[in-house]
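An overview of the molecular structure
These are the residues of each chain, in order.
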Amino acid sequence: FDNYHGFYRSTDIADGDQYAAEQLHSLYHDVYGLATCSLRLTNVYGPRQRLRDDFQGFLPIFVRRALHDEPISVFADGSQQRDCLYVDDVVECLLRAVTPEAVGEVSNVGNDEHLSLAEIAELVVAAAGSGDTIDFDAGVTGTIALTTGEINITTTLTIQGPGSGILTISGS
């Protein structure tokens, strides 16, 4: 999946799973006419998010560690860019994606506002009131510099979300 619809070549098994699911949905659409579409969501956060372990992405890890006054580890210098999606905004995007125009599409859902991991960690620590507990691990290499929704593919629907700002759904 080298640069498939804006994805980088990855060694992450989750990326392979997502790619396979997209291909399966596309195949069912093409062969059986099943009305499917795939949405690629960036970093979703919100109420009732799983916080008990380190298996659900960096945001819940940051939040859980800050709430427990544990250090937040940020790889390299923390300049890696991410965008975050509030769960209510994602629900709005899902509802808007259930249209005849979306059938057969693979679309990215992202927020136009990108923050560095260092900035996100600082915001989480401040919100939790846990003090300065951010550890930068400069010895880590191979981190992804930019993981955000690629919003300039072909067609774009922009909505003003209630949580974290302007969200963009872009179709391939």
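Please read these numbers as outputs of a predicted model, since none were measured by experiment.

Residues with a pLDDT of 70 or more make up 71% of the chain, whose mean pLDDT is 75. Averaged over each element, pLDDT in the chain is lowest for strand 10 (residues 155-161) (42) and highest for strand 7 (residues 115-116) (92). pLDDT under 50 marks residues 150-172. Its contacts with residues more than four places away, or in other chains, come to 76 contacts.

This part covers the packing of helix 2 (residues 58-67) against helix 4 (residues 117-128). Where helix 2 contacts helix 4, the axes come no closer than 9 Å and their chain directions differ by 40°. The handedness of the crossing between helix 2 and helix 4 is right-handed. Packed against helix 2, whose contacting residues are Phe58, Leu59, Phe62, Val63, Ala66 and Leu67, the element helix 4 presents Leu117, Ile120, Ala121, Val124, Val125 and Ala128 at the interface. Tallied by class, the residues present in the contact of helix 2 with helix 4 amount to twelve nonpolar, no polar and no charged.

Scanning the model with the defined rule gives four salt bridges in all. Across the salt bridge formed by Asp53 and Arg50, the nearest N and O atoms sit 2.3 Å from each other. With relative accessibility at 34%, the residue Arg50 sits in the partly exposed group.

Of all six residues making up strand 6 (residues 106-111), six are buried, and the element is well covered by its neighbours. The alternating pattern of strand 6 places Val106, Asn108 and Gly110 on one face and Ser107, Val109 and Asn111 on the opposite face, and all of these are buried. As defined by bridge partners, strand 1 (residues 38-41) adjoins strand 6 across four bridges and the pair is classed as parallel. Note that in strand 6 the partner of Ser38 across the bridge is Val106.

Under the 1.5 Å per step criterion, the end-to-end length of helix 4 is 16 Å for twelve residues, consistent within 8% with the ideal 16 Å. Three or more residues of helix 4 are buried, namely Leu117, Ala118, Ile120, Ala121, Val124 and Val125. Down the axis of helix 4, the smallest arc covering the buried residues is 160°, so these residues share one side. Exposed residues on helix 4 whose side chains face more than 90 degrees from its buried face are Leu123, Ala126 and Ala127. Looking at the packing, one finds that the buried side of helix 4 touches helix 2, strand 3 (72-75), strand 4 (81-82), strand 5 (84-86), strand 7 and strand 8 (134-137). Residue Gly129 follows helix 4 closely and has a positive phi angle near 65°.

Conventions we followed
- Residues numbered from 1 in each chain as written.
- Predicted model: local features only at pLDDT ≥ 70, side-chain atom pairs only at ≥ 80, totals over all residues.
- Heavy atoms only, no water.
- pLDDT = per-residue confidence, 0-100.
- Helix = DSSP H or I, 4+ residues; strand = E, 2+ residues; numbered from the N terminus.
- Contact = heavy atoms within 4.5 Å.
- Axes fitted to C-alpha atoms, helices over the stretch in contact; angles between N-to-C directions.
- Left-handed = near helix turned anticlockwise from the far one by under 90°.
- Nonpolar A, V, L, I, M, F, W, Y, C, P; charged D, E, K, R; others polar.
- Salt bridge = Lys/Arg side-chain N within 4 Å of Asp/Glu carboxyl O.
- Buried < 20%, exposed > 50% of the residue type's maximum accessible area, 1.4 Å probe, protein only.
- Pairing = 2+ DSSP bridges.
- Expected span 1.5 Å × (residues − 1).
- Arc of directions from axis to C-beta.

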